[in-house]
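In case you want the letters, here they are:
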Amino acid sequence: MPIAASLRRLALAAGLALAAGLAINLAAIRSASAHPHVWITAKAELAYEAGRVTGIRHAWTFDPEYTAFLTQGLDANGDGKLSPEELQGSANEQAANLAEFAYFTKLKVAGKEQAFAEPQEPRMAMEGGKLTLSFLLPLKTPAPQGRGVAAVEIYDPTYFIAFSLAEGADALRLAGAAPGCSMTVTRAKNAEPAVASAGQSMTEAMFEALTAAANYGEQFANRAIVACP
C-alpha cells in the first residue's frame, strides 16, 4: 500500500491523534469498542559510549491485522513474500514521519529531557505474519549520565496505539553502559482505560476529543530507570 500520509494525520481528520506513519482506511481497523486500535510489541536498547547516553535503538512489532494493512501493495515482484528491499522505502518513510509524534519516546538524563536527532538505520522485516520496524534514535547531543539517573518512557499519549514490552529480560537492555549500572523496568498496565468519574464510560467520542497534550496514555507507559554508580 503506497504511503500518502501518516496514520496520525489521517486520524486527526476524524478527530483523533494516531501514530504510525501510514495512509490507510481508518474505519476498517477501528473496533466497536474504545481504544486502543493498534498494538505494538516493543523492544528497546539504551546505548552508551564513553559514559554518555547516545540514543535508543527501537524494534516495534505490529499486530497481525495492522501488519496486513501496512504491507498492502509492497510485494513488488509478486512472489508472495516481502523482502527487506521491498520494505525499505516504507521503513524510511515511517521512521521519518515519527518525528512529528516525538517517536513515542521520552528520555531524561540526570533530570533533563533529551532531544532526539533524526532516526538512523530504519529497517523492516516480516516474520510469522507480523511486521517489525527497527531504527536507531540518536540524541542530538550525547548526555553524560555519571552517577545520575536515566529514565525512558515508551507510550502513545492518545492511547490509540498500545505499546507493550516483549516478553523476557531483553525487552529493555543497556548497551555499552558502565559496569555496575542497573535498570528497573515497569511494564505498561494491561487493563482497559479507567473510568474518569463515577457513572461515566470511556466512549470513542471521548477519545476523539483527546489531543496529545492531554497525555491520557501516560498511565499505560512502559518505563525504565537506569542508575549508575
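About the thresholds
Residue indices follow the written sequence of each chain, beginning from 1 at its first position. Totals for whole chains, interfaces and linings use all residues, but because this is a predicted model, local features are given only for residues with pLDDT of at least 70 and pairs of side-chain atoms are given and counted only at 80 or more. Only hydrogens and water are set aside; all other atoms, that is, all heavy atoms of the structure, feed into the side-chain values. Definition of nonpolar core: a set of buried residues of the types Ala, Val, Leu, Ile, Met, Phe, Trp, Tyr and Cys, connected through side-chain atoms within 4.5 Å. For the exposure calls, accessible area comes from a 1.4 Å probe over protein chains only, and a residue counts as buried if that area is under 20% of its type's maximum, exposed if over 50%, partly exposed in between. Contacts are residue-level and defined by heavy atoms, with any inter-residue pair within 4.5 Å sufficient. Any two strands are treated as partners once DSSP identifies two or more bridges connecting them. Secondary structure counts use DSSP, requiring at least four H or I residues in a row for a helix and at least two E residues in a row for a strand, with both numbered from the N terminus. Here a salt bridge means any side-chain nitrogen of Lys or Arg lying within 4 Å of a carboxyl oxygen belonging to Asp or Glu. Here a polar contact is recorded for every N or O atom pair within 3.5 Å, except that within protein the pair must consist of a potential hydrogen donor and a potential acceptor, and residues adjacent in sequence are included only if both atoms are side-chain atoms. Think of it this way: a Phe, Tyr or Trp ring, Trp meaning its six-membered ring, pairs with another when their centres are within 6.5 Å, and the plane angle makes it stacked under 30 degrees, edge-to-face over 60, tilted otherwise.

**Quick word on the nonpolar core**
If you look at the biggest cluster of nonpolar residues, it comprises 43 residues, and the most contacted ones within it are Leu46, Trp60, Leu98, Leu107 and Phe163. When residues no more than four places from it in sequence are discounted, the contact partners of Phe163 are Ile40, Ala42, Trp60, Phe104, Ile154, Tyr155, Asp156, Ala188, Phe220 and Asn222.

**What to know about the sheet that holds strand S4 (residues 112–113)**
Pairing is antiparallel across the open sheet formed by five strands, whose spatial order is S4-S3-S7-S11-S10. Only two strands of the sheet have a single partner each, and these edge strands are S4 and strand S10 (182–186).

**With respect to the pattern of salt bridges**
What the rule picks out here adds up to five salt bridges. As a salt-bridge pair, Arg223 and Glu153 come within 2.6 Å of each other at their nearest N and O atoms. With Arg223 in strand S11 (residues 222–227) and Glu153 in strand S7 (residues 149–154), this pair connects stretches of sequence that are 70 residues apart. Given a relative accessible area of 27%, Arg223 falls into the partly exposed group. Exposure remark for Glu153: the relative accessible area of 16% places this residue in the buried category. Across the salt bridge formed by Glu218 and Arg223, the nearest N and O atoms sit 4.0 Å from each other. Each of Glu153, Glu218 and Arg223 takes part in a single network of salt bridges with overlapping partners.

**Notes on the side chain of Glu45**
For Glu45, the position within the fold is in strand S1 (residues 38–49). Reaching out from Glu45, the side chain makes a polar contact with the side chain of Arg173 at a distance of 3.0 Å. Residues in contact with Glu45, not counting those within four places in the same chain, are Gly55, Ile56, Arg57, Arg173 and Ala175.

**Remarks on the packing of aromatic side chains**
Applying the stated criterion across every chain, the model contains eight aromatic pairs. Ring centres 4.1 Å apart and planes at 15 degrees place the aromatic pair Tyr159 and Phe220 in the stacked group. Residue Tyr159 is found in the loop between S7 and strand S8 (161–165), and its partner Phe220 is found in the loop between helix H5 (204–208) and S11; the two are separated by 61 residues along the sequence. Judged by relative accessible area, which is 4%, Phe220 ranks as buried. Through a chain of ring-to-ring contacts, the aromatic side chains of Trp60, Phe101, Phe104, Phe135 and Phe163 assemble into a single cluster.

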